[in-house]
Amino acid sequence: MMRTGSGCIERPSPNHGPRPEGVGVELLILHYTGMPTAESALSRLCDPAAQVSAHYTVDEDGAIYAHVPEDRRAWHAGLSSWRGRADVNSRSIGIEIVNPGHEFGYRPFPAAQMAAVADLCLDIMGRHGIAPADVLGHSDIAPARKEDPGELFDWPGLAARGIGLWPHPTPADDSPLDSAESAEEVAALLGRYGYDTAESRLLLSFQRHFHPERLTGEPDPETLRRLRALLRMTGR
Ligand SMILES: [Zn+2]
């Protein structure tokens, strides 16, 4: 293995293609690997038969593996959509974060890993001009299919460093409609923020990212306050 100037370990994957003409990098998508070990995940991400990849993988000790050049289209998001636009792979960079995931023993992300993730995110955001609000989880862009990086992921810690948004509701985000809002109205708010309202499990996916202590899929007042706070913070 060879270290590059950026401190990454080169572990090239053949699984990538050209980005469409004129399409730039706008989103940064964070995943967990969801495999029993780091090595099993790295092997799969570099296996031509698997047809999946990401630009980077961050191991639990903070080591960063580089798989696909950033100007190439990696295959990490699959069927996905955000703010009304599908084909997230064409306009994103994808980072896999080693964790067995919900299937193989979901566990907290170590501090060394999160520090490396944060540094890598800031580096990528700076180079491509990606706004904090445009750093998302796989579950945000594919809510019916995906749960990663999941409710143990330290989104508030990343947001404190300017990576992703964390909602800080104010009284302005209260609504007398909290108890009366219909499922359609809640879905409309989620759609305004960016979620694909044609998908299922929207509110559960929202909670997994923005209200992880409350994975009910139900529109409780605090979940709605946080959603309104994000709409206010982004002007959406
Ligand atoms: Zn994923």
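Right above here is the structure, for reference.
The structure reproduced in this document is the subject of the present report.

Calculation rules
- Residues numbered from 1 in each chain as written.
- Predicted model: local features only at pLDDT ≥ 70, side-chain atom pairs only at ≥ 80, totals over all residues.
- Heavy atoms only, no water.
- Helix = DSSP H or I, 4+ residues; strand = E, 2+ residues; numbered from the N terminus.
- Contact = heavy atoms within 4.5 Å.
- Areas by Shrake-Rupley, 256 points an atom, 1.4 Å probe, with all protein chains shown as cover.
- Lys, Arg positive; Asp, Glu negative; His and termini not counted.
- Charge placed at Lys NZ, Arg CZ, Asp CG, Glu CD.
- Phe/Tyr/Trp six-rings, centres within 6.5 Å; stacked < 30°, edge-to-face > 60°.
- Buried < 20%, exposed > 50% of the residue type's maximum accessible area, 1.4 Å probe, protein only.
- Lys NZ or Arg CZ within 6 Å of the ring centre and 35° of its normal.
- Donors = N, O, S within 2.8 Å, 3.2 Å for Na, K, Ca; no water.
- Axes fitted to C-alpha atoms, helices over the stretch in contact; angles between N-to-C directions.
- Parallel < 35°, antiparallel > 145°, perpendicular 65-115°, else oblique.
- Left-handed = near helix turned anticlockwise from the far one by under 90°.
- Nonpolar A, V, L, I, M, F, W, Y, C, P; charged D, E, K, R; others polar.

Here's the deal with the overall build of the protein
The helix and strand tally for the protein stands at 8 helices and 10 strands. Counting contacts in the protein only where the partners sit at least 6 residues apart, residues at least 24 apart contribute 70% of the total. Carbon and sulfur atoms make up 54% of the accessible area of the protein, which amounts to about 10200 Å² in all. A distance of 2 Å separates the average location of the 23 positive side-chain charges in the protein from that of its 33 negative side-chain charges.

Notes on the packing of aromatic side chains
Aromatic ring pairs are reported here in terms of the distance separating the ring centres and the angle at which the planes meet. The tally for this structure, following the rule as stated, stands at 10 aromatic pairs. On the basis of an interplanar angle of 40° and a centroid distance of 4.9 Å, the ring pair of Phe 206 and Phe 210 is categorised as tilted. In this pair, Phe 206 and Phe 210 are both assigned in helix α7 (residues 202-210), 4 residues apart and thus about one turn of the helix distant. The same class applies to Phe 206 and to Phe 210, which are both buried. Cluster of aromatic residues (ring-pair linked, three or more members): Trp 82, Trp 166, Tyr 193, Tyr 195, Phe 206 and Phe 210. Sitting over the ring of Tyr 193, Arg 236 keeps its end group 4.9 Å from the ring centre.

Things to note about the coordination of the zinc ion
Surrounding the zinc ion are the protein donor atoms His 31 (ND1), His 138 (ND1) and Asp 148 (OD), at 2.0 to 2.2 Å. Mapping the donors of the zinc ion onto the primary sequence yields the spacing H-x106-H-x9-D. Here Asp 148 lies in the loop between α4 (138-141) and α5 (155-160) and His 31 lies in strand β3 (residues 27-32), a separation of 117 residues in the sequence. Of the two residues examined, His 31 and Asp 148, each falls in the buried class.

Quick word on the packing of helix α6 (residues 183-193) against α7
Two quantities define a packed helix pair, namely the angle between the axes and the distance from one axis to the other. With their axes 10 Å apart at the nearest point, α6 and α7 run at an angle of 55° to one another. Taken together, the axes of α6 and α7 lie oblique to each other. The crossing of α6 and α7 is left-handed. Contacts between α6 and α7 involve Val 186, Leu 190 and Tyr 193 from the first element and Leu 202, Leu 203, Phe 206 and Phe 210 from the second. Considered class by class, the residues forming the contact of α6 with α7 number 7 nonpolar, no polar and no charged.

What to know about the packing of α7 against helix α8 (residues 221-234)
As a packed pair, α7 and α8 sit with axes 11 Å apart at the nearest point and diverge in direction by 80°. Put simply, α7 runs roughly perpendicular to α8. For the pair α7 and α8, contact is made by Leu 203, Phe 206, Gln 207 and Phe 210 and by Thr 223, Arg 226, Leu 227 and Leu 230, respectively. Here the residues of the contact of α7 with α8 are counted per class, giving 5 nonpolar, 2 polar and 1 charged.

Everything listed here is a matter of geometry and, on its own, says nothing about what the molecule does.
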